[in-house]
Amino acid sequence: MYLFKSVHQLDQYLQHFRASNARVGFIPTMGALHAGHLSLVEASNEQNELTVCSIFVNPTQFNEGSDLEKYPRTPGLDLALLAAANCDVVFMPQVDEVYPPGVELDSPTPPKALVQGMEGQFRPGHFEGVVQVVKRLLDLVQPSSLYMGQKDYQQAAIIGWMIEYTKLAVELVVCPIMREENGLAMSSRNVRLHPDIRPKAIVLYQTLLSVKEKLGTLSLPELQSWALEQLSGPDFRPEYFDIVDGQSLQPLDNVGENDFAVACTAVWAGEVRILDNMILQKPE
Ligand code: PAF
């Protein structure tokens, strides 16, 4: 496995693969890797000749300095995990490499309709930062396929929009959520969960499963209030539980048989904010 820290080194290495039109899979990450990230590496290895993974804690997507500071960083372990997962190239740049001082980078502004709900409500500017960094990394790596996890559903949908809007020649592959044995969605933030709270955080998955079961027996506002009640407790405070169209991310009023419905939630579990979602219905 090669580790590159500069754009120049990365570019030199990739030139050879570009010249031979090799399929390159790319996984952008902020490190603190877990089995969810490794499942993306596995998917890329199956579908490409070369797998490139980036580790970069992107400052422009954090709306609170304290969240950026507290973001877990485990570079030594990340590299060991990537090597064991047969990743070919790791790109681990400093901020100046990604955002060279004095250079204006072009990145599209996502439409309000996609960014204003759910995560966007609570993290102003977050998705603009995500689009900026993913566009920059895609320009640097120029992969055939980009691998992202369904766990950040809104993020994946917005990146899908960005690829279509900019007409980038890259295929977006969204891989299923990886869960811990008890159903908790894997996330880099889980290590910060208090040990007493972590086992109880399965309430998110349980609630999503029950909502899927109850679909059609209650109206959507009723389902939503029921879910918010399940997710509230001494250690848990939900920020939202929304049922949205899987592509436009607009809230649905009801779910007809041809609707693509996804339930998304964000919950404070003690001091840590965790996300989860579930596709309730996807028409063929
Ligand atoms: O999901 C993440 O880890 C980040 O938002 C991403 C896509 C790597 C961009 O910094």
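Treat the numbers as computed from the prediction; the structure is a model and nothing was measured. (Residues numbered from 1 in each chain as written. Predicted model: local features only at pLDDT ≥ 70, side-chain atom pairs only at ≥ 80, totals over all residues. Heavy atoms only, no water.)

Draft legend 1. Region of interest: the overall build of the chain. When helices and strands are counted, the chain shows eleven helices and nine strands. Scaling as 2.2 N^0.38, a compact globule of 284 residues should have a C-alpha radius of gyration of about 19 Å, and the chain matches this with 19 Å. For the chain, the spread of C-alpha atoms along the three principal axes comes to 55 × 40 × 40 Å. Among the 284 residues that make up the chain, the fraction classed as buried is 50%. The contacts in the chain between residues at least 6 apart in sequence include a share of 72% that link residues at least 24 apart. Element-wise, carbon and sulfur atoms account for 50% of the exposed surface of the chain, whose accessible area totals about 13,700 Å². (Helix = DSSP H or I, 4+ residues; strand = E, 2+ residues; numbered from the N terminus. Rg over C-alpha atoms; globule rule 2.2 N^0.38 Å. Buried < 20%, exposed > 50% of the residue type's maximum accessible area, 1.4 Å probe, protein only. Contact = heavy atoms within 4.5 Å. Areas by Shrake-Rupley, 256 points an atom, 1.4 Å probe, with all protein chains shown as cover.)

Draft legend 2. Region of interest: the site of the ligand. Around the ligand, the surrounding shell consists of Pro28, Thr29, Met30, Asn58, Gln61, Val130, Val133, Met148 and Gln155. Here Gln61 contributes a side-chain N or O atom positioned 2.6 Å from an oxygen atom of the ligand. With respect to the ligand, the side chain of Gln155 contributes an N or O atom lying 2.7 Å from an oxygen atom. Here the ligand loses 89% of its free accessible area of 290 Å² to cover by the protein chains. Those elements that place two or more of their residues in the shell around the ligand are strand S2 (24-29) and helix H8 (126-141). Here the shell around the ligand is built from residues that sort into five nonpolar, four polar and no charged. (Near = heavy atom within 4 Å. Polar contact = N/O pair within 3.5 Å; in protein donor to acceptor, adjacent residues only side chain to side chain. Nonpolar A, V, L, I, M, F, W, Y, C, P; charged D, E, K, R; others polar.)

Draft legend 3. A look at the packing of helix H10 (residues 203-214) against helix H11 (residues 220-230). Axis separation between H10 and H11 bottoms out at 10 Å; the angle between their running directions is 160 degrees. Put simply, H10 runs roughly antiparallel to H11. Crossing angle aside, the handedness with which H10 passes H11 is right-handed. Residues Val203, Thr207, Ser210, Val211 and Lys214 of H10 form the contact with H11, whose participating residues are Leu223, Trp226, Ala227 and Gln230. Here the contact of H10 with H11 is built from residues that sort into five nonpolar, three polar and one charged. (Axes fitted to C-alpha atoms, helices over the stretch in contact; angles between N-to-C directions. Parallel < 35°, antiparallel > 145°, perpendicular 65-115°, else oblique. Left-handed = near helix turned anticlockwise from the far one by under 90°.)

Draft legend 4. How the structure looks around the sheet that holds strand S9 (residues 272-281). In spatial order, the strands read S7-S8-S9; together these three strands make up an open sheet with antiparallel pairing. The two strands at the open ends of the sheet, each matched to only one other strand, are strand S7 (236-245) and S9. Shown here is a sheet whose adjacent strand axes are inclined to one another by a mean of 15 degrees, direction ignored. Strand direction decides the pairing type here: S7 and strand S8 (residues 261-269), joined by nine bridges, are antiparallel. What sits directly across from Arg237, in S8, is Trp268. (Pairing = 2+ DSSP bridges.)

Draft legend 5. Representation of unusual backbone geometry in the model. Even without a glycine there, the phi angle at Asn86 is positive, about 65 degrees. Structurally, Asn86 is set in the loop between helix H4 (75-84) and strand S4 (89-91). Positive phi values are uncommon outside glycine, yet Gln142 reaches one of about 50 degrees. Assessed through its relative accessible area of 46%, Gln142 is described here as partly exposed.

Draft legend 6. Quick peek at the pattern of salt bridges. Scanning the model with the defined rule gives twelve salt bridges in all. Across the pair Arg179 and Asp276 runs a salt bridge, and its minimum N-O distance is 2.9 Å. Placement of Arg179 in the loop between strand S6 (171-175) and H10 and of Asp276 in strand S9 is noted, with a sequence separation of 97 residues between them. Its relative accessible area of 21% is what places Arg179 among the partly exposed residues. Assessed through its relative accessible area of 4%, Asp276 is described here as buried. A salt bridge links Arg198 to Glu180; the shortest N-O distance between them is 2.7 Å. Pair noted here: Arg198 is in the loop between S6 and H10 and Glu180 is in the loop between S6 and H10, with a separation of 18 residues, a long-range link. A relative accessible area of 21% means that Glu180 is categorised as partly exposed. (Salt bridge = Lys/Arg side-chain N within 4 Å of Asp/Glu carboxyl O.)

Draft legend 7. Local environment of the packing of aromatic side chains. The full count for this structure, using the stated rule, is eight aromatic pairs. Centre to centre, the rings of Trp161 and Tyr165 are 4.9 Å apart; their planes meet at 25 degrees, and the pair counts as stacked. Highlighted residues: Trp161 and Tyr165, both in helix H9 (residues 153-166), separated by four residues, approximately one helical turn. Classification of Trp161 as buried rests on a relative accessible area of 19%. Taking the relative accessible area as the measure of exposure, Tyr165 reaches 54% and is therefore exposed. Each residue in the set Tyr2, Phe4, Tyr13 and Phe17 is aromatic and connected to the rest through ring pairs, giving one cluster. Sitting over the ring of Trp226, Lys214 keeps its end group 4.6 Å from the ring centre. (Phe/Tyr/Trp six-rings, centres within 6.5 Å; stacked < 30°, edge-to-face > 60°. Lys NZ or Arg CZ within 6 Å of the ring centre and 35° of its normal.)

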